[in-house]
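The primary structure of each chain is shown beneath.
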Amino acid sequence: MALYEFDPEDARRFASFIGIPAKPRGEELVFRRCPYCGQTTTDKDKFAINLRTGAFNCLRASCGAKGNMLTLHKDFDFD
């Protein structure tokens, strides 16, 4: 079983794969909307993937999705 090593390009590929525009901001790739709850993101309530670690979260209290690229692989059938 091969171990997965995060590559920031994987986060960009995921955004393209699910068709949600995303922009880098600091160490994060911030998505226009959350792929889990579908809500538009704001500075306060955002969905972002950390480009250093691959961890993600949705800061919307009603969603709260979090995990890493392996979670996105499992939840969205993303390779």
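Everything below is about the structure printed above this text.
Only a predicted model underlies this, so the values are computations on that prediction, with no experimental measurement involved.

What counts and how
Residues numbered from 1 in each chain as written. Predicted model: local features only at pLDDT ≥ 70, side-chain atom pairs only at ≥ 80, totals over all residues. Heavy atoms only, no water. Phe/Tyr/Trp six-rings, centres within 6.5 Å; stacked < 30°, edge-to-face > 60°. Helix = DSSP H or I, 4+ residues; strand = E, 2+ residues; numbered from the N terminus. Buried < 20%, exposed > 50% of the residue type's maximum accessible area, 1.4 Å probe, protein only. Pairing = 2+ DSSP bridges. Contact = heavy atoms within 4.5 Å. Axes fitted to C-alpha atoms, helices over the stretch in contact; angles between N-to-C directions. Salt bridge = Lys/Arg side-chain N within 4 Å of Asp/Glu carboxyl O.

**Some points on the packing of aromatic side chains**
Phase 1 of the analysis: Tallying each qualifying case throughout the model produces nine aromatic pairs.
Phase 2 of the analysis: On the basis of an interplanar angle of 75 degrees and a centroid distance of 5.0 Å, the ring pair of Tyr36 and Phe76 is categorised as edge-to-face. On the criterion of sequence distance, the pair formed by Tyr36 in the loop between β2 (28-31) and β3 (47-50) and Phe76 in helix α2 (residues 69-76) is long-range, its members being 40 residues apart.
Phase 3 of the analysis: Of the residues examined, Tyr36 reaches a relative accessible area of 30% and is grouped as partly exposed.
Phase 4 of the analysis: Clustering of aromatic rings is evident, with ring pairs tying together Phe14, Phe17, Phe31, Tyr36, Phe47, Phe56, Phe76 and Phe78.

**Remarks on the pairing of β3**
Phase 1 of the analysis: Residues Phe47 and Ile49 point to one face of β3 and Ala48 and Asn50 to the other, with burial holding for every one of them.
Phase 2 of the analysis: With four bridges connecting them, β2 and β3 associate as antiparallel partners. Each bridged residue has a counterpart across the sheet, and for Phe31 the counterpart in β3 is Phe47.
Phase 3 of the analysis: Bridge count between β3 and strand β4 (residues 56-58): three bridges; the pairing is antiparallel. Of the residues in β4, the one forming a bridge with Ala48 is Asn57.
Phase 4 of the analysis: The antiparallel pairing of β3 with β4 creates a hairpin that spans five residues between the two strands, and Gly54 there sits at a positive phi of about 90 degrees.

**A look at the sheet that holds β3**
Phase 1 of the analysis: Read across the open sheet, the five strands follow the order β1-β2-β3-β4-β5; overall the sheet is antiparallel. What marks the edges here is a single partner per strand, and that holds for β1 (22-25) and β5 (66-67).
Phase 2 of the analysis: Strands β1, β2 and β3 of the sheet are contacted by helix α1 (residues 8-18), whose axis makes an angle of about 10 degrees with β2.

**What to know about the pattern of salt bridges**
Phase 1 of the analysis: This model, assessed by the stated rule, comprises seven salt bridges.
Phase 2 of the analysis: Here Glu27 ties to Arg52 by a salt bridge, and the two come within 3.2 Å at their closest N and O atoms. Taken together, the positions of Glu27 in the loop between β1 and β2 and Arg52 in the loop between β3 and β4 put the pair 25 residues apart, joining distant regions of the chain.

Read these as layout, nothing more, since geometry by itself doesn't imply function.
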